[in-house]
Amino acid sequence: MTWPRWINVALGIWLLIAPAVLGYVDAYAVNNDRLLGILIAASAIVALWAPKARFVNVVLGMWLIIAPFVLGYLGGKAVANDIVVGIAVAVFAFLPSRAITRPTTNARPGDLS
């Protein structure tokens, strides 16, 4: 189950283009989203091979949530986008990378062994 990693890659790409699409006016918001977009996408790709690397995105998602308050770009589309995307990135980073498998057996109906 690698789909949570790919969703975080997509969210990282979204952060790269969000300033242009949403029309950010604050330079801190633009720079923050572009930097975090690269970092989130890159760590999600690394997590495809090193599953524990996904927890980097938990930290990056938490930063996205608090960044508007720390960097001072309060109000507007950038704040809403960063909070929503930050929550999504953190949640998808917590989901495991591997599918849970059920044990299989070669027994046929009627076998009692």
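Residue positions are given per chain, counting from 1 as you read along its sequence in written order. With the structure being a predicted model, the display of local features is reserved for residues of pLDDT at least 70 and the display and counting of side-chain atom pairs for 80 or more, all residues being used for whole-chain, interface and lining totals. Working from all heavy atoms in the structure, the side-chain values ignore hydrogens and water.

We now examine helix H3 (residues 55-71). Helix numbering and strand numbering both begin at the N terminus, where a helix is a DSSP run of H or I of at least 4 residues and a strand a DSSP run of E of at least 2. Here the expected length of a helix is defined as 1.5 Å per residue gap, with one fewer gap than residues. The end-to-end C-alpha distance of H3, which contains 17 residues, comes to 23 Å, matching closely the 24 Å that a straight helix rising 1.5 Å per residue would cover. One fitted axis covers the seven residues ending at a residue, a second covers the seven starting there, and the bend at that residue is the angle between these axes. Taking the largest bend as the criterion, H3 deviates by roughly 45°, centred on Ile65, and proline Pro68 comes between one and four positions later. Among the residues making up H3, those that are buried are Asn57, Val58, Leu60, Gly61, Leu64, Ala67 and Pro68. The inward-facing, buried residues of H3 contact helix H1 (3-22), helix H2 (27-47) and helix H4 (77-94). Phi for Gly72, located one or two positions after H3, is positive at around 85°. Three labels apply to residues, based on accessible area from a 1.4 Å probe with only protein chains included: buried if under 20% of the type maximum, exposed if over 50%, partly exposed otherwise in between. Pairs of residues are marked as contacts when any of their non-hydrogen atoms sit within 4.5 Å.

A few words now on the nonpolar core. Of all hydrophobic cores here, the largest spans 9 residues; its members are Leu11, Leu15, Leu36, Ile40, Leu60, Leu64, Val85, Val89 and Phe92. Elements represented by at least two residues in this core include exactly H1, H2, H3 and H4. Among the elements that make up this core, the one with the highest residue count is H4 (3 residues). Each residue touching Val85, except ones within four places of it in the same chain, is listed here: Leu11, Trp14, Leu15 and Leu64. The term nonpolar core refers to a set of buried residues drawn from Ala, Val, Leu, Ile, Met, Phe, Trp, Tyr and Cys, joined through side-chain atoms within 4.5 Å. The next biggest cluster of nonpolar side chains, apart from the first, holds 8 residues, and it includes Ala29, Ala67, Tyr73 and Ala78.

Aromatic pairing here means that ring centres of Phe, Tyr or Trp (its six-membered ring) are within 6.5 Å. Orientation follows from the plane angle: under 30 degrees is stacked, over 60 is edge-to-face, and everything else is tilted. Evaluation of the coordinates by the stated rule reveals 2 aromatic pairs. Taken together, a centroid distance of 6.0 Å and an interplanar angle of 75° make the contact between Trp3 and Phe92 edge-to-face. Of this pair, Trp3 sits in helix H1 while Phe92 is found in helix H4, placing the two residues 89 residues apart along the sequence. Take Trp3: its relative accessible area is 42%, and that puts it in the partly exposed class.

The subject of this paragraph is the packing of H1 against H2. Relative to each other, H1 and H2 sit at 160°, their axes nearing to 7 Å. When the interaxial angle is binned, H1 and H2 end up roughly antiparallel. As H1 runs across H2, the sense of the crossing is left-handed. Residues Arg5, Asn8, Val9, Gly12, Leu15, Leu16 and Pro19 of H1 form the contact with H2, whose participating residues are Val30, Asp33, Arg34, Leu36, Gly37, Ile38, Ile40, Ala41, Ala44, Ile45 and Ala47. A class-by-class count of the residues in the contact of H1 with H2 yields 12 nonpolar, 3 polar and 3 charged. Lines fitted to C-alpha atoms define the axes here, with helix axes fitted over just the stretch in contact, and angles between the N-to-C directions of these axes take values from 0 to 180 degrees. Roughly parallel means an angle under 35 degrees; roughly antiparallel, over 145; roughly perpendicular, 65 to 115; everything else is oblique. The sense of a crossing depends on the near helix, which, turned anticlockwise from the far helix by less than a right angle, makes the crossing left-handed and, turned clockwise, makes it right-handed. Asp, Glu, Lys and Arg are counted as charged, while Ala, Val, Leu, Ile, Met, Phe, Trp, Tyr, Cys and Pro are counted as nonpolar; the rest, among them Gly, fall into the polar class.

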